[in-house]
2 protein chains.
Amino acid sequence: MKSTIQFAPVTMGRASEEVALQIEAAILDGKIEPGDRLPSERELQLHFNTSRGVIREALQALKQKSLIEIKKGAKGGAYVREVEVSTAGESLALFIKRQPLDPQHLIEFRESLDRTITLLAISRGAEEEKIELLAKAKILETMLRQSDPDMVVLAELDRELNIMLARMTHNPIFEWIMQALQLGFSSSDVTLYQGEQYRKETGENWKNTAQAIADNEPLRALSHISYHYAMLLKLLDAVESTTDGNQKGLTGKRKD
Amino acid sequence: MKSTIQFAPVTMGRASEEVALQIEAAILDGKIEPGDRLPSERELQLHFNTSRGVIREALQALKQKSLIEIKKGAKGGAYVREVEVSTAGESLALFIKRQPLDPQHLIEFRESLDRTITLLAISRGAEEEKIELLAKAKILETMLRQSDPDMVVLAELDRELNIMLARMTHNPIFEWIMQALQLGFSSSDVTLYQGEQYRKETGENWKNTAQAIADNEPLRALSHISYHYAMLLKLLDAVESTTDGNQKGLTGKRKD
DNA sequence: TATTGTTATTTGGTCGTACCATAACAGCGC
DNA sequence: GCGCTGTTATGGTACGACCAAATAACAATA
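Residues numbered from 1 in each chain as written. Chains lettered and ligands numbered in written order. Predicted model: local features only at pLDDT ≥ 70, side-chain atom pairs only at ≥ 80, totals over all residues. Heavy atoms only, no water.

(A) Broad picture of the packing of helix α5 (residues 103–124) of chain B against helix α7 (residues 151–167) of chain B. Residue and element names in this part refer to chain B. At their nearest, the axes of α5 and α7 sit 8 Å apart, and the two run at 50° to each other. Here α5 is positioned oblique relative to α7, judged by the angle of their axes. Residues Arg110, Asp114, Ile117, Thr118 and Ala121 of α5 form the contact with α7, whose participating residues are Asn162, Leu165 and Ala166. Split into classes, the residues belonging to the contact of α5 with α7 amount to four nonpolar, two polar and two charged. (Axes fitted to C-alpha atoms, helices over the stretch in contact; angles between N-to-C directions. Helix = DSSP H or I, 4+ residues; strand = E, 2+ residues; numbered from the N terminus. Parallel < 35°, antiparallel > 145°, perpendicular 65-115°, else oblique. Contact = heavy atoms within 4.5 Å. Nonpolar A, V, L, I, M, F, W, Y, C, P; charged D, E, K, R; others polar.)

(B) Seen up close, the relation of the copies chain B and chain A. After a rotation of 179° and a shift along the axis of 0.7 Å, chain B superposes on chain A with an RMSD of 0.9 Å. The relationship between the two copies is best expressed as a two-fold rotation axis. Of all interface residues in chain B, 94% are interface residues in chain A too; the two copies therefore contact each other through one and the same surface. (Least-squares fit on C-alpha atoms with pLDDT ≥ 70 in both.)

(C) Region of interest: α7 of chain B. Its 17 residues place the ends of α7 of chain B 24 Å apart at the C-alpha level, agreeing with the 24 Å of an ideal helix rising 1.5 Å per residue. Within the sequence span of α7 of chain B, burial applies to Leu154, Ala155, Leu157, Asp158, Leu161, Asn162, Ile163, Met164, Leu165 and Ala166 of chain B. (Expected span 1.5 Å × (residues − 1). Buried < 20%, exposed > 50% of the residue type's maximum accessible area, 1.4 Å probe, protein only.)

(D) Representation of the protein's contact with DNA strand C within the structure. Lining the immediate environment of DNA strand C, one finds 25 residues, of which Ala15, Thr50 and Ser51 of chain A together with Arg52 and Ala74 of chain B sit closest. What you see for DNA strand C is that sugar and phosphate hold 64% of its atoms within 4 Å of the protein. Arg52 of chain B is positioned such that a nitrogen or oxygen atom in its side chain is 2.7 Å from a base nitrogen of DNA strand C. Here a sugar or linking oxygen of DNA strand C and a backbone polar atom of Gly73 of chain B are 3.1 Å apart. For the surface near DNA strand C, the elements supplying multiple residues, two or more each, are α1 (15–28) and α3 (52–64) of chain A together with α2 (41–47), α3 (52–64) and β2 (68–71) of chain B. Its residues placed into classes, the surface near DNA strand C shows five nonpolar, eight polar and twelve charged. (Near = heavy atom within 4 Å. Polar contact = N/O pair within 3.5 Å; in protein donor to acceptor, adjacent residues only side chain to side chain.)

(E) Spotlight on the interface of chain B and chain A. Counting residues at the interface gives 50 residues for chain B, matched by 48 residues for chain A. For the pair chain B and chain A, the summed buried area comes to about 4300 Å², and 62% of that belongs to carbon and sulfur atoms. Counting the contacts that link chain B with chain A gives six salt bridges. Arg124 of chain B is the partner of Glu108 of chain A in a salt bridge, and the nearest nitrogen-oxygen pair spans 2.1 Å. At the boundary of chain B with chain A, the tally comes to 14 residue pairs in polar contact (both at pLDDT 80 or more). Among the secondary structure elements, those contributing two or more residues to the side of chain B that touches chain A are α1 (15–28), α3, α4 (85–98), α5 and α8 (172–192) of chain B. (Buried area = accessible area lost by both parts, 1.4 Å probe. Salt bridge = Lys/Arg side-chain N within 4 Å of Asp/Glu carboxyl O.)

(F) Quick peek at the pattern of salt bridges. All names here are of chain A. By the definition in use, this model includes 29 salt bridges over all chains. A salt bridge links Lys65 to Glu24; its shortest N-O distance comes to 2.8 Å. Of this pair, Lys65 sits in the loop between α3 and β2 (68–71) while Glu24 sits in helix α1, placing them 41 residues apart in sequence. Here Glu175 ties to Arg167 by a salt bridge, and the two come within 2.9 Å at their closest N and O atoms. Residue classification places Glu175 among the buried positions, given a relative accessible area of 13%.

(G) Geometry of the protein's contact with DNA strand D. Near DNA strand D you find 24 residues, and of these Arg37 and Arg52 of chain A together with Ala15, Thr50 and Ser51 of chain B are the closest. For DNA strand D, the fraction of atoms within 4 Å of the protein that belong to sugar or phosphate moieties is 63%. At a separation of 3.0 Å, a phosphate oxygen of DNA strand D approaches a polar side-chain atom of Arg56 of chain A. Ala74 of chain A places a main-chain nitrogen or oxygen 3.4 Å from a base nitrogen of DNA strand D. Where the surface near DNA strand D is concerned, the elements lending two or more residues are α2 (41–47), α3 and β2 of chain A together with α1 and α3 of chain B.

(H) Layout of the packing of aromatic side chains. Scanning the model with the defined rule gives two aromatic pairs over all chains in all. Summarising the aromatic geometry, the rings of Phe109 of chain A and Phe174 of chain B are spaced 5.2 Å apart at their centres and angled 70° between planes, so their arrangement reads as edge-to-face. Separated into two different chains, Phe109 of chain A in helix α5 (residues 103–124) and Phe174 of chain B in helix α8 make up a pair that spans both. Exposure class is identical for Phe109 of chain A and Phe174 of chain B. Each is buried. (Phe/Tyr/Trp six-rings, centres within 6.5 Å; stacked < 30°, edge-to-face > 60°.)

(I) Representation of the sheet that holds strand β3 (residues 77–80) of chain B in the model. Residues and elements named next belong to chain B. Reading across from one edge, β1-β3-β2 is the order of the three strands in this open sheet, with antiparallel pairing throughout. Pairing within the sheet leaves two strands with one partner each, and these edge strands are β1 (37–38) and β2. Sheet analysis places β2 next to β3, joined by four bridges and oriented antiparallel. Within β3, the position partnered with Lys71 by the bridge is Gly77. Each of β1, β2 and β3 is contacted by α3, which is oriented at about 120° to β2, the strand it contacts most. (Pairing = 2+ DSSP bridges.)

This is the structure in structure tokens:
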């Protein structure tokens, strides 16, 4: 549609980066909007007066940043993506995966986050949201009572509960942080569920916490949260003392 | 050093993604460590039994994720990068640029974070750290009293204070989050300092808060923090009412 | 010996062309 | 109208060549 978009020809440095920067700037400035399709690689190749490889590398970079989405075939090409919460979370998740964290630090952070979120959820969350949260918590608890629950479904449900709670703050930043955390730790959290006692108490705690939230009783909710994390810490100590510490706990890497 | 690293040849789907995934996995599993250099593009081309373009696109993706760093010339190549905090911050910055956040949400998040961090800093921070924090806070306050302070230096000092406080929790997660936030919002924070009243009160508040921390008086510290953010909100309201709301406040984009 | 200038080699960066794979579309025949 | 088939636009892959930069090896010189 718009041939008015000006691309300066490129000569210096890493050409692909220049191209990527120019396109990124165009997107950030809103000159190209989400849903728009930018010219085909062969056209861009002409616009920028460069080779197709350069264009491809630039597009690859933008795709990595989740700025664009690339489709094959006719009418394919690079489409500007919509902004999503999860988008930003991925890199944080990657970061978390690489940096082995002390589980205690993680727990401490999560507890503080949970407390804040819970308080906000109580004061801001809609009635229906609280009811839905409670319902889901009850489902989780029921599932956890079973002798041989499906770990994957379980982890997913736990994840959903956390995110739902974060969403109830009606503050996207908390939702974003929570999503990132879930993304980063989802794989390791599963292992925890294997402890039977942990399962049982976790289920109860979720239910109790959700109940307290539904009843608008912040102190009771916080109390349950504290209990939950205290238990987690205790469990962690037990695990660490048995395995003699050559592992990194929650975020540790497991051998294949 | 280790030629034992096995790369499976690639045939299906988007080859470059496959390559990227395999290398990423190798890095994440610790099979290749930070500082290590992976084979040259031409060698990888053979390992993966693919074209050089594919390899280049894969490397480009990993570079974008800040997993590797690419150098030219002899002894050049792709080197596995050290993990850095700023890495995670960049995507947050991008996220914020595209999705202007409601300043109130931002303030809310920062306040909750500050409160948690402050409490932890009081209980965990070493004496010297507290003294240093107080010293820096006093410097900031002094600078802010001047009629024509250097905004850039000021913002930098403010940033340092925040990060130092976060570091005093002795929990790297808080430090990371704070760094990411500083990275993401640094540009917009500067504008705030232009309000004279804000400057003055902010300086005093930092000094008071640091003093309270040094004195191990959590409640007093929290009180100052609350006051600070309350003032920020008030100021924000004023700004928004005057500009008639066509801007996004803290995170809004400014015209060139 | 130490410093400096030169050459060679390695390695990423770019270019160009050809070809393949796929997704949408346009006809065509039924 | 339905379904098949070819057409076409477009990304994905493959070679092959050359350029540019960084380093190393070596020679020349003070």
